Structures are given as structure tokens and as C-alpha cells.
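Chain and residue survey
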Amino acid sequence: AQKVTQAQTEISVVEKEDVTLDCVYETRDTTYYLFWYKQPPSGELVFLIRRNSFDEQNEISGRYSWNFQKSTSSFNFTITASQVVDSAVYFCALSEKDFNKFYFGSGTKLNVKP
Amino acid sequence: NAGVTQTPKFRILKIGQSMTLQCTQDMNHNYMYWYRQDPGMGLKLIYYSVGAGITDKGEVPNGYNVSRSTTEDFPLRLELAAPSQTSVYFCASSYGYTGELFFGEGSRLTVL
């Protein structure tokens, strides 16, 4: 069965601090995809990144970076020099290869204080 | 730039009532999904569709029905509403080959 675990329910940091959001997944599939979505206070979910199971290269996009490690079944998300606008709930998700079903973690609420 | 549009945004139902949540997308996406989000929980898949005329159950389909008569529309029907169906409902769509989901703004449903 597919499962995504985000053990951190809520994290609070002060602006400019770095913060890492953890994501651990379970799947028996050899082909799968991992995602991160952001849900700001307005409520709408926004896509951040997609990674396939064959691509373990880390990715950096501005202040955001993602670390994918198949050996530990983890797909962690780091925000460098956090800003107040980063305050949101962040969801990690796992999809089967055909994208029919997505399995979401319970989310991590990030509070960035000025 | 409408994207995915859900209506209504808020609704209060009495136990036993029925209603339909509407979802329309204008991006010509083949794949559409309905999720529910309960407090402190992730999103749970209710139903999904990979194209007009094709629907399938997700993780939590009981108490719901869907139809997909057109590419654009994917309504979610709640029959005999129960307090356990109090939740925020999200409709999403995607091309199906990228996996990137585009979400609507959500519909907050309360069953009293």
C-alpha cells in the first residue's frame, strides 16, 4: 500500500532561518512520482515540484531545494532564508506511474515569524 | 485564466439532505479528481476520472457519486449527507502525463 508520512505537524521559525520539511514514503512500485504542494492561508493548493523514482538528483529552485533519497525513502524539502510569505501548509504526495491516484501526507504547517 | 472552478464555496446541509458540488475546468485536461481535506489530515481521494465517461473510486468513495459526461465537468454528488462528510472538498485536474495537479479553491461543507 502507498503511504506518505510527514511527521512534523507544525514548525515555527524566525525569518531568514533555514528550515527542512521531512517526507517519508512507502511504496512497492518501482516507478512512482513524488510531489510537494504548498497551501497558503488562502486555501488553494499550488504545485511546487515533481520527481520520478529514477531521478535522484537533488534540485534547487531559488530558495527552495529538494533532497530525494531512495535508500531512506525520503523526499525532504528545504527552504533557505525563509520569508514570511513562506508561511503555509506544505504537503508531500506520492503518485503511481499512471497518475491515477495521489497519496498525500498529513501536511506540515510552517510559521515564519518576522 | 479560470483554471478549475468549484461551486459553491460554502454550504451548510442538514443530515439526510443531498447536494452536488460542481467542478469545471477550462484547460482541456483529461484527468480530474475529487479530494476531501479534514483538519490535520492530508487529502483523501474520493473519486477520479481519466476521461469523459470514465470514473473510478478512490480511497474514500462511500456516500458519494460522480459522473463525467464532458471533459470540462466533474460534479460530485452527496447523497443523504452525514456529519462525517463535513470537510473541505477540492477538485483538481491534470493532463495525466505530467502529474501536476491544478486545484480549485475548495468547497467548505458543513453537515449539521
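Description of the structure in this document. (Residues numbered from 1 in each chain as written. Chains lettered and ligands numbered in written order. Predicted model: local features only at pLDDT ≥ 70, side-chain atom pairs only at ≥ 80, totals over all residues. Heavy atoms only, no water.)

1. Regarding the pairing of strand β9 (residues 74-79) of chain A
Residue and element names in this part refer to chain A. In terms of burial, β9 is a largely internal element, five of the six residues being buried. Examined bridge by bridge, strand β3 (residues 19-21) and β9 share three bridges and lie antiparallel to one another. Counterpart to Leu-21 in the pairing with β9 is Phe-77. Two strands pair when backbone bridges link them, and strand β8 (residues 64-69) and β9 are joined in this way by six bridges, in the antiparallel orientation. Across the sheet, the residue bridging to Asn-67 is Asn-76, located in β9. (Buried < 20%, exposed > 50% of the residue type's maximum accessible area, 1.4 Å probe, protein only. Helix = DSSP H or I, 4+ residues; strand = E, 2+ residues; numbered from the N terminus. Pairing = 2+ DSSP bridges.)

2. Points about unusual backbone geometry
A cis amide bond links Thr7(B) with the next residue in sequence, Pro8(B), at an omega value of -5°. Inspection of the secondary structure puts Pro8(B) in the loop between β1 (4-7) and β2 (10-13). Despite not being glycine, Phe99(A) shows a phi value in the positive range, around 60°. In this structure, Phe99(A) sits in the loop between β10 (88-96) and β11 (102-104). Classification of Phe99(A) as buried rests on a relative accessible area of 3%. A positive phi angle, close to 60°, is found at Asn28(B), a residue other than glycine. Along the chain, the position of Asn28(B) falls in the loop between β3 (19-25) and β4 (31-37).

3. A word on the packing of aromatic side chains
Residues and elements named next belong to chain B. Evaluated as defined, the whole model comprises 26 aromatic pairs over all chains. Relative to Phe-103, the ring of Phe-90 has its centre 6.2 Å away and its plane inclined at 85°; by these criteria the two rings are edge-to-face. Here Phe-90 is found in strand β9 (residues 87-94), whereas its partner Phe-103 is found in strand β10 (residues 102-103), with 13 residues between them in sequence. Of the two residues, Phe-90 and Phe-103, neither departs from the other in class, the shared state being buried. One Lys or Arg, Arg-68, reaches over the ring of Phe-74 and ends 6.0 Å from the middle of that ring. (Phe/Tyr/Trp six-rings, centres within 6.5 Å; stacked < 30°, edge-to-face > 60°. Lys NZ or Arg CZ within 6 Å of the ring centre and 35° of its normal.)

4. Some details on the state of the cysteines
Residues and elements named next belong to chain A. According to the stated counting rule, one finds two disulfides over all chains in the structure shown. The partner cysteine of Cys-23 in its disulfide is Cys-92, sulfur to sulfur 2.0 Å. Taking the sign of the S-S torsion, -65° for the link of Cys-23 and Cys-92, the bridge is left-handed. Of this pair, Cys-23 sits in the loop between β3 and β4 (24-26) while Cys-92 sits in strand β10, placing them 69 residues apart in sequence. Grouping residues by exposure puts Cys-23 and Cys-92 together as buried. (Disulfide = S-S within 2.5 Å.)

5. Re the pattern of salt bridges
All names here are of chain B. Across all of its chains, the model carries six salt bridges over all chains by this definition. Between Lys-9 and Glu-105 there is a salt bridge; the shortest N-O distance is 3.4 Å. Placement of the pair is Lys-9 in the loop between β1 and β2 and Glu-105 in the loop between β10 and β11 (107-111), with a sequence separation of 96 residues. Judged by relative accessible area, which is 47%, Glu-105 ranks as partly exposed. Here Arg-36 and Asp-38 are joined by a salt bridge, their closest N and O atoms 3.0 Å apart. Exposure remark for Arg-36: the relative accessible area of 11% places this residue in the buried category. (Salt bridge = Lys/Arg side-chain N within 4 Å of Asp/Glu carboxyl O.)

6. Structural notes on the environment of Phe68(A)
Residues and elements named next belong to chain A. Relative to the elements of secondary structure, Phe-68 occurs in strand β8. For Phe-68, a relative accessible area of 2% translates into the label buried. Phe-68 sits 34 residues away from Leu-34 along the chain, and the two C-alpha atoms are 9.0 Å apart. Apart from the residues lying within four places of it in its own chain, the contact partners of Phe-68 are Tyr-25, Tyr-32, Leu-34, Arg-51, Asn-52, Ser-53, Asp-55, Glu-56, Asn-58, Ser-74 and Phe-75. (Contact = heavy atoms within 4.5 Å.)

7. Quick look at the pairing of β11(B)
All names here are of chain B. Of the two faces of β11, the one lined by Ser-107, Leu-109 and Val-111 is fully buried and the one lined by Arg-108 and Thr-110 carries no buried residue. Direction of pairing for β2 relative to β11: parallel, over a ladder of four bridges. The residue of β11 that forms the bridge with Ile-12 is Thr-110. In the sheet, β9 pairs with β11 via three bridges, with the strands oriented antiparallel. Within β11, the residue paired with Val-88 across the bridge is Arg-108.

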